[in-house]
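Topology and contacts: notes
Listed below, chain by chain, are the residues.
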Amino acid sequence: MTSHNPLIRAWLTSLKGGVIEYARDWEEIYVPALRLRPGGAPSGGAGVSEGAVTQIQSPPSPPAAEPEVPAFAKLEPAPRYVAARRYGYFVREDGALVFALVREVAAAAAGVDAEQLYVAGDFNGWEGAAGDPAWELKPFQIEGDTAPRAPRQLFCCVLPLAQRRSLMSAWPRAQFKFVTSQNQWLNVPEDSPNRVKDALGHINYVIDSTRTGRQFFRFELRAPLDLSQEWCIAPLAGAPAPATHAPQGQPVSSRLPSAARAEPQSAALAKKEAQAGPGRAAAVLGEALGVPIQPGAFFFSIASELPLGALVSADGRETCFRLFAPRAAGVRLLLAKTPDAAAPAEVVSLARHATEAGIWETTVEGNLHGRYYWYQLEVLAERSAAVPAAAPGAASGGEGAAATERARTARVLDPYALACVGHAGPGIVIDRARINRHANPAIARWPDRFATPQWQDLVIAEAHVRDLAARAPIELSAEERLGFTGLRKWVESEGFYLHRLGVNCVELQPVQEFDNRSREEYHWGYMPVNWFAPASAYALEPERASGIAELQALVAAFHRRGIAVILDVVYNHQGEPAGLISIDRQYYFELDAEGQLSNWSGCGNDLRAHAAMAKRLIIDSCRHFIECYGVDGFRFDLAELLGIEVLRDIEAALKRAKPDVILIAEPWSYRGHIAGALRDTGWSSWNDGYRNFIRDYVCGGSSAEALEYFIKGSPWFWSKFPAQTVNYSESHDDRAWVDSITENAHHDGSTPTATDRRRTHLMAALLFASLGIPMIAAGQDFLRSKHGVNNTYQRGDLNALDYRRLLRYPSTHTYFADWIAFRRSAAGRLLRQWQRPGEGFFRCYRTPDSTACAVVYNFDASQGRQRLLFAINPTGADVEIPLGEALPTVTSWQQIANHEGFLSANGMRQPVTSQLWLPALSCGLWQGSL
């Protein structure tokens, strides 16, 4: 390795082999002279203070012996296609430029296995490349490669040498990206060294002529590496590269000194460092010490099917504690009789499982139901892959030494704990036999025989536990108003608001343990720290795990009201403390090319959901809430970060547990949007396009063409069947609906104008008349306002529902309730479509120079004799919509609703004529039959 072309990265493809990467192409005719060495001296006593663990504490671990270092068996240039996974291109031996995408990467990014793929960039007009056969990627099977974990297939677009030279001449640093035939752009991987941001903020690949695929070497070892130890690839100390290097392609183990022997710095290196100055000296030292070997893709497939968590045996005679921690050097269980972290704790060591990789376990005598526990792990301190490894024997306490010592973590909450006292723990041992929901006294009196509605029949209200309960007009204690029990009593009350409204599904904002700092602190819940335990802040007695029975009773109460329960779940990141970071930061979290936590969630970290045990954790958590609590489905926050393939696997697993489970994705993140890719799955999605459209439309913007698209269920791009779109105009995020459209100053709709109310009625009518799943935010029907505040995630005072507004705006509440009742009735069946209806089902009528529109449902009589006519005019002027002479005469029409409400027997009804007149800011609904 020379100073002008340093090692920059090394990773394992198996426990006995891997790849190393140089900063630029290797131009020498010899392979480099390298060695493998331990990254630093382990130290069991370093790290976080152990607090009150004093009762039966084990003595500090003695310094570990120097690990046995495997010898190299082979070192040779890697195939050039190795560059494809990280760079998106390579240059073939004949000089051709190959744009290449690994099949597994494409599938994980966007589920585009069956789609046509194209390369688009500066050189071919970007968007114009999609669909052009000249830029299509063709499958290329890799044959004759015995390297571990070689990609099974590449998608490639080959530019011959002459075309490559022409391209590089015109665009020396051309940017590019991959795109599907449906114009879905694939994200550039976080760890791609050639990621760049263009002037518009888009992340692209860039072609670097000094990196063509010849910067990689692959190696094989004679024995597997221990992953609990840090390992480094480094140059032979004092080797005057390249003169003493082994010939290219020749096994080099015979040419290397014993890899287990620590190599002293050469006099030349010491002199060079001394002359360099502080900054350059660090670089020189880094070149000499090499780079840490990171686990590669194989690492994230390490998995086990063994049950995890605190497991009481069927006979109650013992309790097994089992944790997945693939790179830990040691794991301790801290058992306590009180939840106080300052109280003495019993310490029990866990042992590595003999046959299951990554599993640690121990068994304690007796049924420990109700006992408190944490874990502590002895782990390598994580650091950036770009930071050089410390020299063996580096002084204790120095920056390099601290980076490579093993440290004992702070107390860690078991990720599989079924209950916990607070966001930092402790977990509570729960005997699963004691939490059978059918044995819960609050449920056993009224067996839960609720049937989950079919998706097309759903009408959802999004709500927060505390927002519903805080000001509920019934007698509740202050403690009850904080959580599950208060809401359950409100649900069971005769006047329960959501029951009166008529929705048949509630989507509860997160109820899994999150990182609020006190029980009283208000929090939306989108910073989870455990995905099995119900939020301790919503429980009356969290130290007794009462939240389990309380949440079970709440779900059952909703079911008795005929209301399904969807949980808003956040599996894309963790709050503080992020226990999975302490267990294995690299296994559980996405990292960028510098080894830093990715942050497309905007919350500090992104879960590596495709890692086998991370995906299993998500699935196990959802199944637990189905089986233990009886929930009907889930809405996945920032689902884009999980990836299409992971979402497919989650869908398959959960449908095995509950075939009619409701699955809804928030299909975006700060990184991108995957709604188009979700068409080919069994997921539904929040439709942000519908949200933006309806807000603009009722305020006089958008177009009749857009209305036609959205009222039909957002077909083609968004959904393959209508229930794949969740249509909404307000959610917990951002301003309340009335604040966003109010004529008042400062977006304060707390006292809405008459026009605000009229536009809200138009919105409701259009929302419930659209194919898809309608969703409202709780309180939207009584013009809930947050006084213009845009982000209220910790503003319980603004979010709590003020039920007095039901009395202030009763007609708007009634308007919503009547539309919901009609949609759910037999008469409203034409609005509830499971499959996309035929092209003749709808007939739309427009008027020139206006956004007003009329829509006939079942125009082709494909679904019987019944028809519906919905007409809307969101403009400030009266309009006439030409319907033609036939429609009024062929069908017998009767108006059943307008912009004020559903019509009583004595209500004024407007006939359907060839020129349908609509006043400004109005709508109408007619029912007819042939």
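Residues numbered from 1 in each chain as written. Predicted model: local features only at pLDDT ≥ 70, side-chain atom pairs only at ≥ 80, totals over all residues. Heavy atoms only, no water.

**Side note on the overall build of the protein chain**
- Tallying secondary structure elements over the protein chain gives 23 helices and 38 strands in all.
- Counting over 930 residues, the protein chain shows a buried share of 59%.
- Pairs at least 24 residues apart make up 74% of the contacts formed inside the protein chain by residues separated by at least 6 positions. (Helix = DSSP H or I, 4+ residues; strand = E, 2+ residues; numbered from the N terminus. Buried < 20%, exposed > 50% of the residue type's maximum accessible area, 1.4 Å probe, protein only. Contact = heavy atoms within 4.5 Å.)

**A few points about the pattern of salt bridges**
- Evaluated as defined, the whole model comprises 37 salt bridges.
- Among the ionic pairs, R327 bridges to D584, the shortest N-O distance being 3.0 Å. Remark: D584 occurs in helix α12 (residues 579-588) and R327 occurs in the loop between β17 (318-324) and β18 (330-336); sequence separation between them is 257 residues. Per residue, the accessibility class of R327 equals that of D584, and both read buried.
- The salt bridge involving E627 is made with R623; its shortest N-O contact spans 3.5 Å. You can see E627 and its partner R623 sitting in helix α13 (residues 612-629), four residues apart, about one turn around the helix.
- Take E627: its relative accessible area is 48%, and that puts it in the partly exposed class.
- Residues joined in a network through salt bridges with shared partners are D568, R635, D637 and E666. (Salt bridge = Lys/Arg side-chain N within 4 Å of Asp/Glu carboxyl O.)

**Section: α12**
- The buried fraction of α12 amounts to eight of the ten residues, a majority that puts the element mostly inside the structure.
- Listing the buried residues of α12 in full gives G579, L580, I583, D584, R585, Q586, Y587 and Y588.
- Taken together, the buried residues of α12 touch β15 (291-294), β17, β21 (372-380) and α13.

**A word on helix α16 (residues 688-698)**
- For α16, the full list of buried residues reads D688, Y690, R691, F693, I694, Y697 and V698.
- Sitting at the amino-terminal end of α16 is N687, which places a side-chain oxygen 3.1 Å from the backbone nitrogen of G689.
- Taken from the residues just after α16, G700 is the one with a positive phi, measuring 95°. (Polar contact = N/O pair within 3.5 Å; in protein donor to acceptor, adjacent residues only side chain to side chain.)

What is shown is where atoms sit, not what they do.
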